[in-house]
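What the coordinates show
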Amino acid sequence: MPAERQAAERLHKVLARAGLGSRRHIEDWIRAGRVQVNDRPATLGQSVTPADRITVDGRPVLLGAPPKTRLLLYHKPEGEVCTRHDPQGRPTVFDRLPALAGGRWISVGRLDINSSGLLLLTTDGTLAHRLMHPASHLEREYAVRVIGPVDGAMLERLRHGVELEDGPARFLSITPAGGEGRNRWFHVTVDEGRNRLVRRLWAAEDITVSRLLRIRFGPLQLPRGLGRGQHRDATAQELEAITAALQPTRPRTAARDGGLKASRRRV
């Protein structure tokens with residue numbers, strides 16, 4: 001078998017590993033005709049070799065040795081959005097990130113503008129894809145301040161599961177974390193990333209979330225001493241831990257998930 005055939009890989013994987021974007025975004029680029037291989041429009045599922053000439057928006061992509069994976073832990077403040085460019089001119093999380101000589105930062109999921117806390121960003125599109133994929137079931141933990149009367153029956157319903165407009169959902173755990181009267185704090189965990197899921201679960205019980213802080217993603221905690229708007233690279237041990245959490249990918253059992261659905265969108 002020729003060496004070129006042996007080295008063939010799917011195009012979207014190659015570009016994701018090069019740090020150009022997540023696999024999902026690159027597939028969108030291919031559909032939009034932004035990617036060419038050997039001066040011809042690329043197709044979904046196409047394989048390429050190191051001998052192929054690849055361009056994105058007319059710019060050549062150099063496929064040398066894969067760059068070293070970087071994983072950034074960022075303490076997102078409220079008021080920032082997770083899009084790369086905001087049409088309303090609001091600040092984005094990418095405004096504060098260190099410049100890269102090659103590739104670009106890829107956000108692992110999103111936090112909405114009114115939420116804060118731990119946001120992961122990486123230069124490895126394949127890693128980003130795996131961390132966001134519903135099959136990973138990586139837990140996200142949040143510190144939540146809620147407004148309204150909360151009782152034991154309500155907490156039990158939220159643990160057991162409530163019906164949302166996009167299907168049933170639940171908290172894996174709910175732990176009281178202080179506060180008095182109608183303003184109380186809880187720590188909650190979910191293992192999926194549906195749009196504004198934490199807020200919508202509380203809203204299903206007519207409870208308003210007034211503060212939402214992500215304090216953990218998988219095995220990675222929001223670092224103590226990392227102020228709002230600050231970031232640092234993951235340590236070798238942290239990168240190893242988050243990678244190990246993806247192996248092996250375990251299917252959810254019916255008893256554990258109650259048939260819940262998952263998606264890649266922000267909480």
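Residues numbered from 1 in each chain as written. Predicted model: local features only at pLDDT ≥ 70, side-chain atom pairs only at ≥ 80, totals over all residues. Heavy atoms only, no water.

**Thoughts on unusual backbone geometry**
The residue His-137 is not glycine, and still its phi comes out positive at about 55 degrees. In this fold, His-137 is placed in the loop between α4 (125-132) and β10 (140-147). Even without being glycine, Arg-196 reaches a positive phi, approximately 50 degrees. Note that Arg-196 resides in the loop between β14 (183-190) and α6 (197-203). Here Arg-196 falls in the partly exposed class, since its relative accessible area comes to 30%. (Helix = DSSP H or I, 4+ residues; strand = E, 2+ residues; numbered from the N terminus. Buried < 20%, exposed > 50% of the residue type's maximum accessible area, 1.4 Å probe, protein only.)

**Observations concerning the pairing of β10**
Most of β10 is tucked away: six of the eight residues are buried. For β10 and β14, the ladder comprises eight bridges, and the chain directions are antiparallel. From the neighbouring strand, Ile-147 faces β14, where its bridge partner is Asn-183. (Pairing = 2+ DSSP bridges.)

**Digging into the sheet that holds strand β5 (residues 54-56)**
The pairing of strands in a sheet comes from backbone hydrogen bonds and takes either a parallel or an antiparallel form. With respect to topology, four strands assemble into an open sheet ordered β3-β2-β5-β6, the strand pairing being antiparallel. The open sheet has two free edges, formed respectively by β3 (40-41) and β6 (59-60), since each of these has just one partner strand. Bridging between strand β2 (residues 35-37) and β3 involves two bridges; their strand directions are antiparallel. Across the sheet, residue Val-37 finds its bridge partner in β3, namely Arg-40.

**Some points on the confidence of the model for the protein**
Predicted confidence across the protein gives a mean pLDDT of 86, with 87% of residues reaching 70 or more. Ignoring residues within four places in sequence, the model shows residues 1-6, a span with pLDDT below 50, making three contacts including any to other chains. Note that residues 249-265 has pLDDT below 50 and, in this model, 37 contacts with residues that lie over four places away or in other chains. (pLDDT = per-residue confidence, 0-100. Contact = heavy atoms within 4.5 Å.)

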